[in-house]
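# Coordinate analysis (summary)
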Amino acid sequence: ETGVTQTPRHLVMGMTNKKSLKCEQHLGHNAMYWYKQSAKKPLELMFVYSLEERVENNSVPSRFSPECPNSSHLFLHLHTLQPEDSALYLCASSPGGIRQEQYFGPGTRLTVT
Amino acid sequence: DAKTTQPPSMDCAEGRAANLPCNHSTISGNEYVYWYRQIHSQGPQYIIHGLKNNETNEMASLIITEDRKSSTLILPHATLRDTAVYYCIVSGSGGSNYKLTFGKGTLLTVNP
């Protein structure tokens, strides 16, 4: 499945670094999502964008900053992260409207040292 | 959104049908049942969804009971590559119909 791509696939960063995760969807979808999956925990929804407008911010700390410049691209800007932010970060997209089946990317494995 | 209950784990022999149950007794009339799976360390994969009627696609079949309080995902001929965590999710109420709340799912192990 190459409909949703994420880069980088692996990232190691220090607590004082600034980095960005990138997601691109090639499915013509209108909605995009960021999820976090920590070890042995269920997926947690972080942010939702519909037609480039943020419609959900699920009580995520401000050290995570999303950006959706167009309906095909989604970024997650990271700064001054904590070791407990180490996790698999997943991007997804969905057609929008009544069609809400979501298609996920492979994820970025983030390690904060 | 309605909550779902799934067994934590199941085993299935390769080549046999895998039937994964899900209870969603508090489902409301406009909520859909979605199934996803996640193979270790990969992103979840959409499988199928339905509202009332049974659904079938190239991956699986979804059987929803008439009262909609439970459903079964059927993988007709399980292979070793079907070993994954399977998530049953109910979603679709009102303005937050994009929300998928992932639980712990069922770990399906397909044995040779």
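Data block above holds the structure.
Residues numbered from 1 in each chain as written. Chains lettered and ligands numbered in written order. Predicted model: local features only at pLDDT ≥ 70, side-chain atom pairs only at ≥ 80, totals over all residues. Heavy atoms only, no water.

## Notes on the side chain of R68 of chain B
Residues and elements named next belong to chain B.
- For R68, the position within the fold is in the loop between β6 (61–64) and β7 (70–75).
- Despite being buried, R68 has no salt bridge partner; E31 is the closest side chain of opposite charge, sitting 6.0 Å away.
- Separated by 2.5 Å, the side chain of R68 and the backbone oxygen of S28 make a polar contact.
- Side-chain polar atoms of R68 contact the backbone oxygen of L51, separated by 2.4 Å.
- With near-sequence residues (within four places) excluded, R68 lies in contact with H24, I27, S28, G29, N30, E31, L51 and K52. (Helix = DSSP H or I, 4+ residues; strand = E, 2+ residues; numbered from the N terminus. Buried < 20%, exposed > 50% of the residue type's maximum accessible area, 1.4 Å probe, protein only. Lys, Arg positive; Asp, Glu negative; His and termini not counted. Salt bridge = Lys/Arg side-chain N within 4 Å of Asp/Glu carboxyl O. Polar contact = N/O pair within 3.5 Å; in protein donor to acceptor, adjacent residues only side chain to side chain. Contact = heavy atoms within 4.5 Å.)

## Digging into the packing of aromatic side chains
- One pass over the full model with this rule turns up twelve aromatic pairs over all chains.
- Where F64 of chain A meets Y89 of chain A, the ring centres are 5.8 Å apart and the plane angle is 35 degrees; that geometry is what we call tilted. On the criterion of sequence distance, the pair formed by F64 of chain A in strand β7 (residues 64–70) and Y89 of chain A in strand β9 (residues 87–94) is long-range, its members being 25 residues apart. Across the pair, exposure class does not vary: F64 of chain A and Y89 of chain A are buried alike.
- Three or more aromatic residues link up through ring pairs in this structure, and these residues are Y33, Y35, Y103 and F104 of chain A together with Y32, Y34, Y36, Y46, Y87 and F102 of chain B. (Phe/Tyr/Trp six-rings, centres within 6.5 Å; stacked < 30°, edge-to-face > 60°.)

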